[in-house]
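A closer look at the structure
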Amino acid sequence: MSKTDSGEKGIQHIAFIMDGNGRWAKARGLTRDAGHRAGVEAFRRVVSHCGDIGIPIVTVYAFSTENWKRPAREVSLLMNLLSNYLESCGDDMMAHGVRFRVIGDKTPFKRELRESIDKLERLTENNTRLLNVALNYGGRDELVHAFNRLAEKGITNIKEEDISRELYTAGIPDPDLIVRSSGELRLSNFLIWQGAYSELYFTDTLWPDMTSEDVDLAILEYKNRHRRYGGL
Ligand code: FPP
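Described below are features of the structure shown in this document. (Residues numbered from 1 in each chain as written. Predicted model: local features only at pLDDT ≥ 70, side-chain atom pairs only at ≥ 80, totals over all residues. Heavy atoms only, no water.)

1. With respect to the overall build of the chain
Counting its regular elements, the chain contains nine helices and six strands. C-alpha extents for the chain along the principal axes are approximately 55 × 45 × 35 Å. Across the 232 residues in the chain, those meeting the buried criterion constitute 50%. Restricting to contacts in the chain with at least 6 residues of sequence separation, those with at least 24 account for 77%. On the chain, roughly 12,000 Å² of surface is accessible, and the fraction owed to carbon and sulfur atoms is 50%. If the 32 positive side-chain charges of the chain are averaged to one point and the 34 negative ones to another, these points end up 3 Å apart. (Helix = DSSP H or I, 4+ residues; strand = E, 2+ residues; numbered from the N terminus. Buried < 20%, exposed > 50% of the residue type's maximum accessible area, 1.4 Å probe, protein only. Contact = heavy atoms within 4.5 Å. Areas by Shrake-Rupley, 256 points an atom, 1.4 Å probe, with all protein chains shown as cover. Lys, Arg positive; Asp, Glu negative; His and termini not counted. Charge placed at Lys NZ, Arg CZ, Asp CG, Glu CD.)

Dropping the structure here:
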């Protein structure tokens, strides 16, 4: 797919629910750890492809507010993978003009992890493409946070724009397309406000198997849909 292809039909923002690492590993008789490691490779591959085809904003769901319920060992592995990624991706992001941002509540993370996040956000803050990584993110949590902020500010006659302004995604367009891997047909608390009019694309491909071709297929289907936003 050429650089202009995604731009023509105006994909400004694509989002991914990266699901199926565990099943991918199980199918191969591997540990869940191996599934998550392969998931990181897929994440790098997919984000890089989105950049190559000219999509300016990519958001991925990496760790939800519900994922803390997983066994401590798995949570710890995910945190380590994240930490390794944060430490290793700065040069590549600078080379490709990618701005890194976390969406979600960072407060429960260990200090070292928060510092790595802050460092990468600062390093890349003047880049133009945007990679949002949702960490300790939940759409309901985000909305509750936004409503509380509005209450603190004494805003009562609340308008949609007031809410959007208080979200982690303030100032960026809503996702045009949300892609979920592994055959599950849910949003799982991901971008529930921002995704109100997003096109949804579900694929049976397990996340570690996601390739550039899978992304291109999702975009092709998106282009063949007719977005009406409630109109005719
Ligand atoms: C869902 O698969 C995946 C996750 C909860 C973690 C997603 C994280 C990654 C792909 C790594 C991203 C890493 C970085 C550095 C951003 P699952 O474990 O729920 O799979 P299952 O439903 O098959 O068990």
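2. Considerations on the site of the ligand
Not every one of the 16 residues close to the ligand is listed here, only the nearest: M18, G22, R23, R32 and R70. Between the ligand and G20 there is a distance of 3.4 Å, counted from an oxygen atom to a backbone nitrogen or oxygen. Within the backbone of G22, one N or O atom sits 3.0 Å away from an oxygen atom of the ligand. Calculation on the ligand without its partners gives an accessible area of 620 Å², and the protein chains cover 90% of this total. Those elements that provide at least two residues to the shell around the ligand are helix 2 (21-27) and helix 3 (32-52). For the shell around the ligand, the leading source of residues is helix 3, giving five residues. Residues belonging to the shell around the ligand are distributed by class as follows: six nonpolar, six polar and four charged. (Near = heavy atom within 4 Å. Polar contact = N/O pair within 3.5 Å; in protein donor to acceptor, adjacent residues only side chain to side chain. Nonpolar A, V, L, I, M, F, W, Y, C, P; charged D, E, K, R; others polar.)

3. Considerations on the sheet that holds strand 4 (residues 129-137)
Reading across from one edge, 3-4-2-1-5-6 is the order of the six strands in this open sheet, with parallel pairing throughout. The strands lining the two open edges of the sheet, one partner per strand, are strand 3 (98-103) and strand 6 (199-202). Across the sheet, the axes of successive neighbouring strands diverge by a mean angle of 20°, strand direction being ignored. Sheet topology places strand 1 (residues 13-17) next to strand 2 (residues 57-64); five bridges connect them, and they run parallel. Opposite H13, over in strand 2, you have I57 as the bridge partner. Each of strand 1, strand 2 and strand 4 touches helix 3; the most contacted strand, strand 4, lies at about 145° to it. (Pairing = 2+ DSSP bridges. Axes fitted to C-alpha atoms, helices over the stretch in contact; angles between N-to-C directions.)

4. Comments concerning helix 6 (residues 111-123)
For helix 6, which comprises 13 residues, the first-to-last C-alpha distance of 18 Å matches the rise-based estimate of 18 Å (1.5 Å per residue) to within 8%. Within helix 6, the full set of buried residues consists of L113, S116, I117, L120 and E121. Along the long axis of helix 6, the arc covered by the buried residues comes to 130°, so they all point the same way. Of the exposed residues in helix 6, those oriented more than 90 degrees away from the buried face are R111, K119 and R122. (Expected span 1.5 Å × (residues − 1). Arc of directions from axis to C-beta.)

5. Focus on the nonpolar core
Grouped burial of nonpolar side chains is what soluble globular proteins tend to show. The biggest cluster of nonpolar side chains holds 41 residues, and the ones touching the most others in it are I14, F16, F43, F100, L131 and L177. With six residues, helix 4 (residues 72-88) is the largest single contributor of residues to this core. Setting aside residues up to four positions removed in sequence, L177 forms contacts with I11, H13, I14, A15, E199, Y201, A218, I219 and Y222. Y61, I103, Y168 and L191 belong to the second largest nonpolar core, which has ten residues in total. (Core = buried A, V, L, I, M, F, W, Y, C linked by side-chain atoms within 4.5 Å.)

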